[in-house]
Amino acid sequence: MAAILLQTADWLFVVDNMGLLLGGTAVTVALTVASILLGFAIGFPAGAIEVYGSDRARRLVEQVGVVLRGTPLLVIIMILYFGLSVSSSAFVTATIALGLRSAAYQSQIFRGALQSVDDGQLEAARAVAMSRFEAIRHVVVPQALRRSVPGFQNEFTIVLKDTSIAIVIGIGELLTTGQNLYEGGQSTAALEIFLAVSLVYFVLTFATNRSLDRLSDYYAVPEGTT
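Residues numbered from 1 in each chain as written. Predicted model: local features only at pLDDT ≥ 70, side-chain atom pairs only at ≥ 80, totals over all residues. Heavy atoms only, no water.

Where we set the bar: UniProt positions are given in the numbering used here, feature names are shortened, and annotations may be inferred rather than shown by experiment.
The name an unreviewed UniProt entry gives the protein chain is Amino acid ABC transporter membrane protein 1 (PAAT family), with Haloarcula quadrata as the organism. Under Subcellular location (unreviewed entry), UniProt gives the following word-for-word description of the protein chain: "Cell membrane". What UniProt records for the protein chain under Sequence similarities (unreviewed entry) is the sentence "Belongs to the binding-protein-dependent transport system permease family."

Quick look at the structure:
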C-alpha cells in the first residue's frame, strides 16, 4: 500500500497540474460563498416569518422548507437545470439549487436563534415607545445573529462540501477538475489526484471552521444575557 501511495511519477503529475486544481478550488469557493449568501438572503427572512409572521405565511414557509429539506440536492439541481432550465449557466443553476437548499436549513438556524431571545426584551423595547418592527430589528435581531453563528458555521461547511455535487452539470469546480485531470491526462494517478482533492477540501473546511470559531467567540452573547 505504501508503495502505491509513494509513486513519485504520479505525485509529480499532480504537482505539475496543481494550477488546474487551484482553479477548480477558486470555483468551489465562489460557488460556496454565492450559495451561502443566497441562502442567507432567503433563510433569514423565512426564519423571521416562522417566528413573527401570520399563521398563513408561517405555514407556507414551513411547508416549502420541508419540501426543500426533504428533497435530495442532486434532484433539485437536475430539476432546475434539465427540467426547468432556470438558467443556461450551470454556475447560476448550481448557486440557486445550493442556495435554496441552504435557505431551508438556515431558516431553522435563525428561527431557533430568534426564539432564544427572551420575550421580556421585546416587551421592554415596546415599553420605551419602540414599534414592534423596531424592537425586533434593533433588539432581537442583533442578538439572534450572534447566537446563530455556531449553526451557520456548520451550514457553511455542509454547503462547501455539497458543491461537489455540481459535477453532474459540468461545473469546473474542484472535484470536476480532478476527474477531468485524471480522465484527460496520460497518467494512472487516480489515487493521488483524488487524495489531493480531498486534502484541498480538508484545508478549506479547516480554515473555514477556525475562522468561524473565532467569529463565534468574538460575538458570543455574554453569560447571563437572555
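1. What to know about the confidence of the model for the protein chain
Rules: As a per-residue measure, pLDDT tells how confident the predictor is, with possible values from 0 to 100. Note on conventions: DSSP H or I runs of at least 4 residues are helices, E runs of at least 2 residues are strands, and numbering of each starts at the N terminus.
Taken as a whole, the protein chain shows an average pLDDT of 87; of its residues, 92% reach a score of 70 or greater. The least confident element of the protein chain, judged by mean pLDDT, is helix α1 (residues 2–5) at 52; the most confident is helix α4 (residues 55–70) at 96.

2. Description of helix α6 (residues 90–116)
Quick reminder of the rule: Every helix has an expected span of 1.5 Å times one less than the residues it contains. Note on bend: the value at a residue is the angle between axes fitted to the seven residues ending there and to the seven starting there. Side-chain atoms alone can form a polar contact between residues adjacent in sequence; in general such a contact is a pair of N or O atoms within 3.5 Å, and within protein one must be able to donate a hydrogen while the other accepts it.
An ideal rise of 1.5 Å per residue puts 39 Å on 27 residues; α6 measures up with 39 Å between its terminal C-alpha atoms. The sharpest bend along α6 measures roughly 25° and falls at Ala104. Two to three positions downstream of the cap, the backbone nitrogen of Phe91 sits 3.3 Å from a side-chain oxygen, assigning the N-cap of α6 to Ser89.

3. Some details on the side chain of Thr157
Operational definition: Residue contacts are counted whenever heavy atoms from the two residues lie within 4.5 Å of one another.
One can find Thr157 in helix α9 (residues 149–162). Here Asn209 takes part through its side chain, which lies 3.0 Å from a polar atom of the side chain of Thr157. Setting aside anything within four residues of it in sequence, one finds Thr157 in contact with Thr205 and Asn209.

4. Thoughts on the environment of Thr163
Which entries qualify depends on this criterion: Note on exposure labels: buried denotes an accessible area under 20% of the residue type's maximum, exposed denotes more than 50%, and partly exposed covers the range between, all computed with a 1.4 Å probe on protein chains only.
With respect to the helices and strands, Thr163 occurs in the loop between α9 and α10 (174–184). A relative accessible area of 0% places Thr163 in the buried class.

5. Remarks on the pattern of salt bridges
Keep this limit in mind: For salt bridges, the criterion is a side-chain nitrogen of Lys or Arg within 4 Å of an Asp or Glu carboxyl oxygen.
Under the counting rule described, the total for this entry stands at two salt bridges. For Glu50, the salt bridge is made with Arg111, and the minimal N-O distance between the two is 3.9 Å. Highlighted residues: Glu50 in helix α3 (residues 18–52) and Arg111 in helix α6, separated in sequence by 61 residues. Of the residues examined, Arg111 reaches a relative accessible area of 25% and is grouped as partly exposed. Here Asp55 makes a salt bridge to Arg58, at a shortest N to O gap of 2.8 Å. With Asp55 and Arg58 both in helix α4 and three residues apart, the pair spans about one turn of that helix. Judged by its relative accessible area of 22%, Arg58 falls in the partly exposed class.

6. Some remarks on unusual backbone geometry
Not every positive phi belongs to a glycine, and Ser85 is a case in point at roughly 50°. Checked against the element boundaries, Ser85 lands in the loop between α5 (73–83) and α6. Among the residues examined, Ser85 registers a relative accessible area of 48% and is labelled partly exposed.

7. Things to note about the UniProt feature "transmembrane region" (unreviewed entry) in the protein chain
With numbering aligned to this structure, UniProt lists the feature "transmembrane region" (unreviewed entry) at residues 20–52, 73–100 and 189–207. As a span, residues 20–52 carries 100% helix and 0% strand, and end to end its C-alpha atoms are 48 Å apart. Across residues 189–207 one finds 95% helix and 0% strand; the C-alpha atoms that close the span lie 27 Å apart.

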